[in-house]
Every structure is written in structure tokens, then in C-alpha cells.
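Observations on chain architecture
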Amino acid sequence: MALSEYHQKDTSGLVYAATVQARGLLEALENKETNISLDMPKDLQGSEVVRTDLWDKIGTMKSHANFSCGQRQLAEAEVYLVWTGHEKIESGWTHAESYARSAENLIYEAQVNINNCAHAQPEQRNTEKFSLSGDAMFVFGGTG
């Protein structure tokens, strides 16, 4: 989002705000921090909060036991929702609507992944143990 808006010479402050947010996340990951917040700021400079129903749905999904199975899609959906709010300010809802649809699709994909993860059965392996004597003799490359 920030890169796209940078190339469009956005002056709303969104590029800077998104870059600061990304830098903070990257530093936390590089420092192997374990208490990284999963909450995306909804009101980044240059954007406005839109589609609170989708933000609420994401919040509910984050508390699911199998959230990690849909985490990537939900993170992308949050970015698209911020982008939706930005585009609404810049060009109106007609232009912003496609970004909201992208967020809806990502939330749907995340829900499917979370549901599939919840229903996945661990693979059952049948194993048999064989004990061989250390003095067993094997013939290699011979005829008998």
C-alpha cells in the first residue's frame, strides 16, 4: 500500500505512517520479541475507519484457536481496510469499494483456512519395529 501510494506521490501522510508501522514490526521481529501486538492501527494518518463490520469480524477471528492458519490473509485484509479508508478520502467510496471487496475476499479466505485447520486430522502413521541381530549376514551383489 505504502509503495503504491508513494509512486502516486501521496501527500496525506499515509506513506510515512505505514512505513513507521512496518519499521516497528520489522524491528520487533528482528529482536525476536514475543509480545508483538496483533492490532493494526485502524486510523493511520491519511485514512479513516471504514467497514467496522469487517474490523469486528477480524477481531473475532484473531481470538480463534486456529487463528494462525488464517493470519496472513487477515493481516492483508487489515491493510486493505486502511487502504479503503484512504481511497475513500482521496477519491470517494466508488473508488474505495474495490479495496473493501479485496478485504472481504481475504477475510473469507482466512475463515476457510481457519475452518480447514480446525478440521484437519493429524496424519496417522503405522510403524512397525524390527530388531535385527548384530551378527546377521547379508549377501550384497552376489548370486546367493
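Residues numbered from 1 in each chain as written. Predicted model: local features only at pLDDT ≥ 70, side-chain atom pairs only at ≥ 80, totals over all residues. Heavy atoms only, no water.

The helix and strand tally for the chain stands at five helices and zero strands. The secondary structure elements of the chain, listed N-terminal to C-terminal, are α-α-α-α-α. Expressed as a percentage of the 144 residues in the chain, the buried residues total 28%. Contacts in the chain between residues at least 24 apart in sequence constitute 67% of all its contacts with a sequence separation of at least 6. Taken as a whole, the chain presents about 10400 Å² of accessible surface, with 51% of it coming from carbon and sulfur. (Helix = DSSP H or I, 4+ residues; strand = E, 2+ residues; numbered from the N terminus. Buried < 20%, exposed > 50% of the residue type's maximum accessible area, 1.4 Å probe, protein only. Contact = heavy atoms within 4.5 Å. Areas by Shrake-Rupley, 256 points an atom, 1.4 Å probe, with all protein chains shown as cover.)

Two side chains of opposite charge can pair, provided their charged atoms sit close to one another. Enumeration over the complete set of coordinates arrives at seven salt bridges. E97 is the salt-bridge partner of R101, the closest N and O atoms lying 2.8 Å from each other. Pair noted here: R101 and E97 are both in helix α5 (residues 93–119), with a separation of four residues, about one helical turn. Several salt bridges converge on common partners, so that one network encompasses R51, D53, E97, R101 and E104. (Salt bridge = Lys/Arg side-chain N within 4 Å of Asp/Glu carboxyl O.)

Mapping E109 onto the fold places it in helix α5. Remark: the alpha-carbon pair of E109 and Q73, spanning 36 residues in sequence, is separated by 6.8 Å.

Attention now goes to the packing of helix α3 (residues 52–62) against helix α4 (residues 71–91). For the pair α3 and α4, interaxial distance at closest approach is 11 Å and the crossing angle is 160°. Classified by the angle their axes make, α3 and α4 are roughly antiparallel. The interaxial crossing formed by α3 with α4 has left-handed handedness. The segment α3 lies against α4, with L54, W55, I58, M61 and K62 engaging L74, A77, E78, L81 and V82. Its residues placed into classes, the contact of α3 with α4 shows eight nonpolar, no polar and two charged. (Axes fitted to C-alpha atoms, helices over the stretch in contact; angles between N-to-C directions. Parallel < 35°, antiparallel > 145°, perpendicular 65-115°, else oblique. Left-handed = near helix turned anticlockwise from the far one by under 90°. Nonpolar A, V, L, I, M, F, W, Y, C, P; charged D, E, K, R; others polar.)

Below, the discussion takes up helix α2 (residues 14–30). Taking 1.5 Å per residue as the helical rise, α2 with its 17 residues ought to reach 24 Å, and the 24 Å between its terminal C-alpha atoms agrees with that figure. The set of residues buried in α2 consists of L14, V15, A17, A18 and A28. The buried residues of α2 occupy one face: seen down the axis, they fall within an arc of 170°. Exposed side chains of α2 directed beyond 90 degrees from the buried face belong to Y16, L26 and E30. Close packing links the buried residues of α2 with α1 (2–7) and α4. In the segment just after α2, K32 is the residue with positive phi, at about 55°. (Expected span 1.5 Å × (residues − 1). Arc of directions from axis to C-beta.)

With that out of the way, let us pick up unusual backbone geometry. Even without glycine at this site, K32 takes up a positive phi of about 55°. For K32, the location among the structural elements is in the loop between α2 and α3. Backbone geometry places R51, a non-glycine residue, at a positive phi of 50°. Its location among the elements puts R51 in the loop between α2 and α3.

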